[in-house]
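So you can see what is in the structure, the chains are spelled out below.
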Amino acid sequence: MKDPKRLEMMNADERLNSEAQQAIRQTVRALPEETVSLAWRSALNERVLQEAQLSKRRQRLAWLLRPAVGLAMAGAMAFVVVMRTPETKPISIVRANTAAAGLEAALVSTHRETAMLTDVAGVGLNATEVEVLASDEVPPTDWSEADFDGF
Amino acid sequence: MHLVAFAATLTALASGHPNVQETNDLDVPGVPDVLRAAIKASQKLRFTGTRVVEFRRGPETRRHLEYITRDGVRSRVEFPEDSPFAGQVIVEDGRVRRHYLPAANEIRVLPPRRDESFGRLIRSMRRYGPARKLTVEPGEVVAGRRTQQVAVLDPQGNIMQRLYIDPKSGALLKRKLFDRVGTQVGLFEFTQINFRPRLNAGLFRIERKGATIVTPADALRRTAAAEGYPFLMLRPSSGAVLEGSRSFKMKGQSVLGQFYRTPKGRLTFFQAKALLAPERLRHFSRGDFKVVSWQEDSRSYVLFGPFDEASLDRWAQQLKGQVPGGAR
């Protein structure tokens, strides 16, 4: 009994030595050989060299410009901070005063009303208590109807 | 400890401590007989009654009913079942005012207020002299009783307040207060009164086990902490007794107000989280009372009251000298 792998290899050799394969081999050998021209190679080399030089020049320029750009940006930021700081203070003060505008009158009015309206209250609730102590929810009384049955 | 100190202050108030005693001395010219009689009677009147009370603040007028029981210097105030104050009870025994708040289950212990109304009028007459004029004429019937009307006028003849007094009993049955343009800003009026009530001493006591006792200083400490303010307070030994405090939102700004009673009138202390202009405060006060203010850390502190600036400065120094949270 023959080995199946060996049989498969023998078949492949037979197929390669067939007439069709031999014809294709002859056709391929008959094709003309093309060679790259020296002029084209030279042009390519020059182009590669130019690109490399340009890239080096760019890197050198970037190396010089990067700190300069950083310095310029830091300078600009410092300029903004320095120039804006004196403006910020007056603006904040003005805002505080503007926001509080009318508050002085409201305080005076509250003092005046509180002093005066206490006269009305006497022993009862005064105006401030009326505003503050109006309870929305009063707990239910501790007494139930059953508690009053004995009366 | 502060509760004990507060009780001592109230005792001093009642016993006539020179710092806090009321100035109801009637030795002031121009006080009509009917008013003198009413002031004297206020110390011994006995009655029960119902009164309407109205306050106008800003554009709002608030109105509520009170049930009053009075026995000399002792009093009790209650409110109808449908009132927003239903369940609250206020009693004064001549020395202390106790205000029971059912929702919070608190009893607020305060200085008594019984002498406020007449005291301020007499002080005003003593301060302004002839610039305050009183006129007497027959008044309307109030709570079924014919009254005498006493009008308090400024030098130009503008009516500042009207008092309606029952000449038989001396009871003040109705009072109206007006602002500078004659608008009524405050009113109380008895609608019913009984001068022969059946009273017992228990009416003037509040006993509620489990209720928290809260002094004005306690309430102030609580409000200040909640609103992010330092606890600054004038001590009773300064002659100013704290009656209450509250936080406000005014013009979008947070404000904490403290209200003090002094022998010479009412003192108000405001703390605001805003920078206020002292000249504007003085301008709006229009010379009616003095103002002292100062600023620290973008906050303003203001004292108002009918005092000389030296007195206000003394109080201001006491407040400035307090370490936040250190005042007791």
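Residues numbered from 1 in each chain as written. Chains lettered and ligands numbered in written order. Predicted model: local features only at pLDDT ≥ 70, side-chain atom pairs only at ≥ 80, totals over all residues.

K.L.:
How should the overall build of chain B be read in this particular structure?
P.N.:
In terms of regular secondary structure, chain B is built from six helices and 17 strands. Residues classed as buried in chain B amount to 37% of the 328 residues present. (Helix = DSSP H or I, 4+ residues; strand = E, 2+ residues; numbered from the N terminus. Buried ≥ 20, exposed ≤ 12 C-beta atoms within 10 Å, placed from the backbone.)

K.L.:
Is there a simple way to think about the overall build of chain A in this case?
P.N.:
Along the backbone of chain A there are six helices and zero strands. Shown N-terminal to C-terminal, the secondary structure of chain A runs as helices and strands in the order α-α-α-α-α-α. Taken over 151 residues, chain A has a buried fraction of 17%.

K.L.:
Which parts of the structure should I look at to understand the interface of chain A and chain B?
P.N.:
Often, the extent of an interface is quoted as the loss of accessible area on bringing the components together. Between chain A and chain B, the residue contacts involve 36 residues of the former and 54 residues of the latter. Elements with a contribution of two residues or more to the side of chain A that touches chain B: helix H3 (38-99), helix H4 (103-121) and helix H5 (127-132) of chain A. Ranked by the residues each element gives to the side of chain A that touches chain B, the list is headed by H4 of chain A, at 17 residues. Per-class residue counts for the side of chain A that touches chain B are 21 nonpolar, 10 polar and five charged. (Contact = placed C-beta atoms within 7 Å. Nonpolar A, V, L, I, M, F, W, Y, C, P; charged D, E, K, R; others polar.)

K.L.:
Please clarify how helix H2 (residues 19-30) of chain A should be interpreted in this entry.
P.N.:
Think of an α-helix as 3.6 residues a turn; residues three or four steps apart then line up on the same face. With 12 residues, H2 of chain A extends 17 Å between its outermost C-alpha atoms, agreeing within 8% with the 16 Å of an ideal straight helix rising 1.5 Å per residue. Burial analysis of H2 of chain A places just zero of its 12 residues in the buried class, a small minority of the element. (Expected span 1.5 Å × (residues − 1).)

K.L.:
Sorry, what's going on with the sheet that holds strand E13 (residues 241-250) of chain B here?
P.N.:
Remark on secondary structure: sheet strands pair via backbone hydrogen bonds, oriented parallel or antiparallel. Residue and element names in this part refer to chain B. Spatial ordering of the open sheet is given by E13-E14-E15-E17-E16, a layout of five strands whose pairing is antiparallel. Sheet topology places E13 and strand E16 (290-296) at the edges, where each strand pairs with a single neighbour. Between one strand axis and the next, the sheet turns through 15 degrees on average, direction left out of account. When E13 meets strand E14 (residues 253-262), the two strands line up antiparallel, connected through nine bridges. Bridging from a neighbouring strand, Met 250 pairs with Gln 253 of E14. Each of E13 and E14 is contacted by helix H4 (residues 216-227), which is oriented at about 25 degrees to E13, the strand it contacts most. Where helix H6 (residues 309-320) meets the sheet, its contacts fall on E16 and strand E17 (299-305), and the angle it forms with E16 comes to roughly 25 degrees. (Pairing = 2+ DSSP bridges. Axes fitted to C-alpha atoms, helices over the stretch in contact; angles between N-to-C directions.)

K.L.:
Would you mind going over the nonpolar core with me for this structure?
P.N.:
Soluble globular proteins tend to bury their nonpolar side chains together. Counting residues in each nonpolar core, the largest one holds 35 residues, and the members touching the most others are Leu 234, Leu 242, Tyr 260, Phe 270, Val 302 and Leu 303 of chain B. Going through the elements one at a time, H4 of chain A together with H4, E13, E14, strand E15 (265-272), E16, E17 and H6 of chain B are the ones with two or more residues in this core. Other than its neighbours up to four places away in sequence, Val 302 of chain B contacts Leu 107 of chain A together with Phe 270, Leu 276, Leu 281, Val 291 and Ser 293 of chain B. In this structure, Phe 118, Leu 121, Ile 165 and Phe 190 of chain B belong to the second largest nonpolar core, which totals 19 residues. (Core = buried A, V, L, I, M, F, W, Y, C linked by C-beta atoms within 7 Å.)

K.L.:
What is the right way to look at the pairing of strand E10 (residues 172-178) of chain B in this model?
P.N.:
Looking down a regular strand, the side chains alternate between one sheet face and the other. Residues and elements named next belong to chain B. E10 sits mainly inside the fold: six of its seven residues count as buried. Bridge count between strand E9 (residues 159-165) and E10: five bridges; the pairing is antiparallel. Of the residues in E10, the one forming a bridge with Leu 163 is Arg 175. What sits between the antiparallel neighbours E9 and E10 is a turn of six residues, in which Gly 170 has the positive phi angle 85 degrees. Two elements, E10 and strand E11 (residues 184-194), share five bridges in a ladder whose sense is antiparallel. Residue pairing across strands places Leu 177 opposite Gly 186, the latter belonging to E11. Hairpin geometry of E10 and E11 is characterised by an intervening segment of five residues between the two adjacent antiparallel strands and by a positive phi of about 85 degrees at Gly 182.

K.L.:
Would you mind showing me how to read the confidence of the model for chain B here?
P.N.:
Atom-level detail of predicted coordinates should not be read off regions where pLDDT is low. Residues and elements named next belong to chain B. Looking at chain B as a whole, its pLDDT mean stands at 86, while 88% of the residues score no less than 70. For the stretch residues 9-24, pLDDT sits under 50, and the model shows 31 contacts to residues farther than four places along the chain or on other chains. Here the complex is predicted with pTM 0.68, and the ipTM for its interfaces comes to 0.76. (pLDDT = per-residue confidence, 0-100.)

K.L.:
How should I be thinking about the pairing of E17 of chain B in this particular structure?
P.N.:
All names here are of chain B. Buried residues dominate E17, accounting for five of its seven residues. Bridge count between E15 and E17: five bridges; the pairing is antiparallel. The residue of E17 that forms the bridge with Ala 272 is Ser 300. As paired elements, E16 and E17 share seven bridges and run antiparallel to each other. For Trp 294, the partnering residue across the bridge sits in E17 and is Tyr 301. Between E16 and E17, which follow one another and run antiparallel, lie two residues, and Asp 297 among them has a positive phi close to 50 degrees.

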